[in-house]
Amino acid sequence: METRVGQDLAVALQYLMQGQTVAIPTETVYGLAADANNEDAVLSIFAAKNRPTSNPLILHFADLPQALPYINEFPSVFKVLYKEFCPGPLTFIVEKSSVVSSFITGGQQTVAIRFSAHPFLQKLLVKLDRPLAAPSANLYGQVSPTNASHVYQQLNGRIPYILDGGSCEHGLESTIIGLQDNKVVIFRHGGITAEALQTALGYIPETKNKEESGILTSGMVKYHYATQTPLYLGFKPIHEKDTAVQITITNNLEIEGPHLILSNANLLEEAARNLYATLHHADGLGMQKIYIQPFIDSGLGKAMNDRLFRAAAKFAK
Ligand code: TXA
Ligand code: MG
């Protein structure tokens, strides 16, 4: 299959209405979308990504009214967060209604819903008037794409169309939240920080993002978000002979050899926007190793560290 890249919403819409998969821009990362009401189309998402069908997909809607037929209830605390952060990088786990296929939820009774702020995706969803199921548009386990060429590198020949909406504004996946014992809990750190949620809620939401917590999100898979080149945390040991590129948040004059910087201004937001693009770039340099410095463990640093630890876990001895 030939993969075309373009900015034509009408072409994207046509493929989606035919039950095909299309890579779409969002404000977080690129998604691989299909008509959520078409089970064959949904199954072709898993096939294109080599993703296990047990790993559930997020449903994307233009707004809350569009989502209501697909869920049983939208709890009032979620309405507060919806007003504050949506459209934006926040995903809600709620009880699904009977119209949601179990292929989307991996057989669970809950469904993940999200309202993306990207104007292209907003327009597609309004025109389609139905949800798009979309995981990140990477091969399973690999680094998420934040521009059209990242998608092309991984999915060329596997999907008909990549809708090019430029580089993603946030660069990290959405924050996934759910409700347990009437309290909001974080299942995956992402674009909306725990601190921002705390301000809106009046308490610190607990994080439950380990495999033992019983709920499956890819945020919880131990080895994930991995580069092809072995990735390690910290600085390259001085006497190590292997070739390596080192990534740090801002300039560090002590580093010798290949070095990539995430934010000249030393800002977490800019680092987050550049993180995946920098990992893709580092991966293409043909080095034997990638070394990256972990971030401060607050704000967006939490989400970035989470991705790095899961990527590095794959290569840990
Ligand atoms: O920013 C994002 O969220 C991007 C863009 C494309 O929207 N999407 C994304 O999708 O990151 P994905 O599939 O790569 O990650 C979504 C995570 C998966 O780990 C999945 O297991 C989890 O959401 N998830 C989906 N439905 C769930 C459910 N019912 N209960 C718990 N976790 C769920
Ligand atoms: Mg993903």
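Please read all numbers here as calculations on a predicted model, not as lab measurements.

Trainee: I'd love a proper account of the overall build of the protein chain, names of residues and values included.
Mentor: Looking only at helices and strands, one finds 10 helices and 15 strands in the protein chain. Whereas a compact globule of 317 residues would reach a radius of gyration of roughly 20 Å, the protein chain reaches 19 Å, a difference of no more than 12%. In terms of principal-axis extent, the alpha carbons of the protein chain reach across some 60 × 50 × 35 Å. Relative to its full complement of 317 residues, the protein chain shows a buried share of 54%. Partitioning the contacts of the protein chain with sequence separation of at least 6, the portion at a separation of at least 24 is 66%. Side chains of the protein chain give 25 positive and 28 negative charges; the mean places of these two sets differ by 3 Å.

Trainee: An account of the pairing of strand S15 (residues 289-292) is needed here, citing residue identities and associated values.
Mentor: Residue alternation in S15 divides its side chains into two sets, Lys289 and Tyr291 and Ile290 and Ile292, and both sets are buried. In terms of strand pairing, strand S12 (residues 231-233) meets S15 through three bridges, oriented parallel. When the sheet's bridge partners are listed, Tyr232 is paired in S15 with Tyr291. Two strands pair when backbone bridges link them, and strand S13 (residues 244-248) and S15 are joined in this way by four bridges, in the parallel orientation. Bridged to Val245 within S15 is Ile290.

Trainee: Account for empty space enclosed by the protein, naming residues and giving values.
Mentor: Applying the stated criterion across every chain, the model contains one cavity of 30 Å³ or more. As a volume, the largest cavity reaches approximately 30 Å³. In terms of lining residues, the largest cavity is bounded by His189, Gly190, Ile192, Thr193, Ala194, Gly299, Lys302 and Ala303. In terms of residue class, the lining of the largest cavity is made up of three nonpolar, four polar and one charged. Looking at the lining of the largest cavity, you find at least three residues from each of domain 1 (4-207) and domain 2 (231-313).

Trainee: So what about helix H2 (residues 39-49)? Which residues, and what values?
Mentor: Every buried residue belonging to H2 is among Ala41, Val42, Ile45, Phe46, Ala48 and Lys49, and all of these are buried. Here the buried residues of H2 occupy an arc of 165° about the axis, which is enough to place them on one side. Those residues of H2 that are exposed and angled more than 90 degrees off the buried face are Asp40 and Ala47. In the segment just after H2, Asn50 is the residue with positive phi, at about 60°.

Trainee: Which residues make up the layout of surface pockets, and what values go with them?
Mentor: Its volume calculated, the second largest pocket comes out at about 290 Å³. Lining the second largest pocket, in full, are Phe235, Lys236, Pro237, Ile238, Ala244, Gln246, Glu254, Ile255, Glu256, Gly257 and Pro258. Looking at the lining of the second largest pocket, its residues break down into six nonpolar, two polar and three charged.

Trainee: Mind laying out the side chain of Asp35, listing which residues take part and the relevant values?
Mentor: Within the fold, Asp35 resides in strand S3 (residues 31-35). Judged by relative accessible area, Asp35 falls into the buried class, the value being 6%. Here the side chain of Asp35 touches Asn37 through a polar contact of 2.8 Å, landing on its backbone nitrogen. Sequence-distant contacts of Asp35, defined by excluding residues within four places in its chain, comprise Leu16, Ala41, Val42, Arg130, Pro131 and Leu132.

Trainee: Explain the domain arrangement of the protein chain residue by residue, including any values.
Mentor: If you check the domain split of the protein chain, you get domain 1 (4-207) and domain 2 (231-313). Taking only C-alpha atoms into account, the centre of domain 1 sits 27 Å from that of domain 2. Facing 19 residues of domain 1, the contacting portion of domain 2 comprises 14 residues. Summing the contributions of domain 1 and of domain 2, the shared interface buries around 1,300 Å²; its carbon and sulfur component is 62%. Taken as a group, Val143, Leu172 and His189 account for 39% of the area that domain 1 buries against domain 2, more than any other trio of residues on that side.

Trainee: Tell me what's going on with the packing of aromatic side chains, and back it up with residues and numbers.
Mentor: Each aromatic ring pair is specified by the distance between its two centres and by the angle formed by the two planes. Scanning the entire structure with this criterion turns up 10 aromatic pairs. When the ring of Phe74 is compared with that of Phe92, the centres are 5.1 Å apart and the planes differ by 70°; the resulting orientation is edge-to-face. Placement of the pair is Phe74 in the loop between helix H3 (64-67) and helix H4 (76-85) and Phe92 in strand S5 (residues 90-95), with a sequence separation of 18 residues. By relative accessible area, Phe74 is classed as buried at 6%.

Criteria and cut-off values
- Residues numbered from 1 in each chain as written.
- Chains lettered and ligands numbered in written order.
- Predicted model: local features only at pLDDT ≥ 70, side-chain atom pairs only at ≥ 80, totals over all residues.
- Heavy atoms only, no water.
- Helix = DSSP H or I, 4+ residues; strand = E, 2+ residues; numbered from the N terminus.
- Rg over C-alpha atoms; globule rule 2.2 N^0.38 Å.
- Buried < 20%, exposed > 50% of the residue type's maximum accessible area, 1.4 Å probe, protein only.
- Contact = heavy atoms within 4.5 Å.
- Lys, Arg positive; Asp, Glu negative; His and termini not counted.
- Charge placed at Lys NZ, Arg CZ, Asp CG, Glu CD.
- Pairing = 2+ DSSP bridges.
- 1 Å grid on protein atoms, 1.4 Å probe; cavity = no way out; pocket = protein on both sides within 12 Å on 5 of 7 lines; lining within 4 Å.
- Points joined across faces, edges and corners; volume = space filled by probe spheres on them.
- Nonpolar A, V, L, I, M, F, W, Y, C, P; charged D, E, K, R; others polar.
- Domains from an automatic or database assignment.
- Arc of directions from axis to C-beta.
- Polar contact = N/O pair within 3.5 Å; in protein donor to acceptor, adjacent residues only side chain to side chain.
- Buried area = accessible area lost by both parts, 1.4 Å probe.
- Phe/Tyr/Trp six-rings, centres within 6.5 Å; stacked < 30°, edge-to-face > 60°.

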